[in-house]
Amino acid sequence: MKNIIGIVGSTYSKSTNRLLLQFIQKRYSNGEQVQIELVPLDKLPLFDKPADRKIPAVAQTISDKIEAADGVIIATPEYDHSVPARLSNALAWLSYVTHPFIDKPVMITGASYGSLGSSRAQAHLKQILDSPELGALTMPSSEFLLARSLQAFNEDGAITDQATLDYLDRVFANFMIFMDIAAQLKHTVVKDKEKVQSFSWDNI
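Here's what I pulled together on the structure shown here.

The rules behind each value
- Here the residue numbering is sequential within each chain, running from 1 through the sequence in written order.
- The model is predicted, so local features are restricted to residues of pLDDT at least 70 and side-chain atom pairs to those at 80 or more, both for listing and for counting; the totals for chains, interfaces and linings are taken over all residues.
- Think of the side-chain values as coming from all heavy atoms in the structure, minus any hydrogens and water.
- Secondary structure follows DSSP: runs of H or I at least 4 residues long count as helices, runs of E at least 2 residues long count as strands, and numbering of each begins at the N terminus.
- All radius of gyration figures rest on C-alpha atoms, and the globule criterion is 2.2 Å times the number of residues raised to 0.38.
- Partly exposed residues are those whose accessible area sits between 20% and 50% of the maximum for their type, while under 20% is buried and over 50% is exposed, using a 1.4 Å probe and protein chains only.
- Contacts were defined at the residue level, with two residues in contact if any of their heavy atoms lie within 4.5 Å.
- The Shrake-Rupley method, run with a 1.4 Å probe sphere, supplies the accessible areas, and residue values consider only the shown protein chains as cover.
- His is not counted here, nor are the chain ends, while Lys and Arg score as positive and Asp and Glu score as negative.
- For the purpose of locating charges, the reference atoms are NZ of Lys, CZ of Arg, CG of Asp and CD of Glu.
- Helix axes are fitted only over the stretch in contact, all axes being lines through C-alpha atoms; the angle between N-to-C directions runs from 0 to 180 degrees.
- Any angle from 65 to 115 degrees is called roughly perpendicular, while one under 35 is roughly parallel, one over 145 is roughly antiparallel, and all others are oblique.
- When residues are grouped by polarity, Ala, Val, Leu, Ile, Met, Phe, Trp, Tyr, Cys and Pro land in nonpolar, Asp, Glu, Lys and Arg in charged, and all others, Gly among them, in polar.
- Directions are taken from the helix axis to each C-beta atom, and the arc is the one they span.
- A helix's residues, less one, multiplied by 1.5 Å, set its expected span.
- Polar contact is the term for a pair of N or O atoms within 3.5 Å; when the atoms are in protein, one must be able to donate a hydrogen and the other to accept it, and sequence-neighboring residues count only if both atoms are side-chain atoms.

1. Brief notes about the overall build of the chain
Here is step 1 of the chain: Along the backbone of the chain there are six helices and six strands.
Here is step 2 of the chain: Counted from the first residue to the last, the chain has its helices and strands arranged as β-α-β-α-β-α-β-α-β-β-α-α.
Here is step 3 of the chain: At 17 Å, the chain has a C-alpha radius of gyration in line with the 17 Å of a compact globule built from 204 residues.
Here is step 4 of the chain: Overall, the chain is about 50 × 35 × 30 Å in size when its C-alpha atoms are taken along their principal axes.
Here is step 5 of the chain: Out of the 204 residues belonging to the chain, those deemed buried represent 47%.
Here is step 6 of the chain: Sequence-distant contacts in the chain: of pairs separated by 6 or more residues, those separated by 24 or more amount to 80%.
Here is step 7 of the chain: When the accessible area of the chain is evaluated, it comes to approximately 10600 Å², of which 52% is carbon and sulfur surface.
Here is step 8 of the chain: With 20 positive and 23 negative side-chain charges, the chain shows a separation of 2 Å between the mean positions of the two kinds.

Here is the structure:
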């Protein structure tokens, strides 16, 4: 069974990105082949390098869940052509000391009120995830962009457009395959982690 962690980039209770990830969880979690757990970011403090290099317990818990997962799905809104501060803050904690994203397969999704479906934020998030301290394996080409998200869901929180559903099914099917491929690319994981743990921008 695939164990997937879902991260919503917004803590807004009515976020359509939250609706999107909750819908993905409901649609694909079946207790037999896929289990998706949503991880909240609202308890994380503002990132500030601790002198003792110990991260907060809530950040460690999230890190442990990602480390144990087969893959991660991130749903990001788009704020000022970029990812929200809350998501950036979480990634800062997760790129410091523990590095659970190293060689971890990630699927990026996003919803927006407009027509672009958070495309610029998704592009920015790919850059962040590709940074030396994160080193994630982001699934190429098949990002899911949900445009006009205020009209996309019914009262039960389900996406109503069949073409959109069909595309989401295909993207998720690709992610299932991508996780299998990523599982075969584990020969350098230990060395990758050793490399990133010794990396410091202070030494550049």
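2. As for the packing of helix 1 (residues 16–28) against helix 5 (residues 162–183)
Two quantities define a packed helix pair, namely the angle between the helix axes and the distance between the axes.
Here is step 1 of the chain: Where helix 1 meets helix 5, the axes come as close as 12 Å, and the angle between the chain directions of the two elements is 70°. Relative to helix 5, helix 1 is oriented roughly perpendicular. Mapping the contact onto sequence places F23, I24, R27 and Y28 in helix 1 and L165, L168, D169 and F172 in helix 5.
Here is step 2 of the chain: Among the residues forming the contact of helix 1 with helix 5, the class breakdown is six nonpolar, no polar and two charged.

3. What about helix 4 (residues 119–129)?
Here is step 1 of the chain: A121, Q122, L125, I128 and L129 are the residues of helix 4 that are buried. All buried residues of helix 4 project into a common sector of 115° when viewed along the axis, lining one side.
Here is step 2 of the chain: Those residues of helix 4 that are buried are in contact with strand 3 (71–75), helix 3 (85–94), strand 4 (105–111), strand 5 (137–138) and strand 6 (144–146).

4. Thoughts on helix 1
Here is step 1 of the chain: Spanning 13 residues, helix 1 covers 18 Å between terminal C-alpha atoms, matching the ideal 18 Å at 1.5 Å per step.
Here is step 2 of the chain: Inspection of helix 1 places T16, N17, L20, L21, F23, I24 and Y28 among the buried residues, and these make up the whole buried set. Along the long axis of helix 1, the arc covered by the buried residues comes to 155°, so they all point the same way.
Here is step 3 of the chain: Tucked inside the fold, the buried residues of helix 1 contact strand 1 (2–8), strand 2 (34–39), strand 3, strand 4, strand 6 and helix 5.
Here is step 4 of the chain: Sitting at the amino-terminal end of helix 1 is S15, which places a side-chain oxygen 3.1 Å from the backbone nitrogen of N17.

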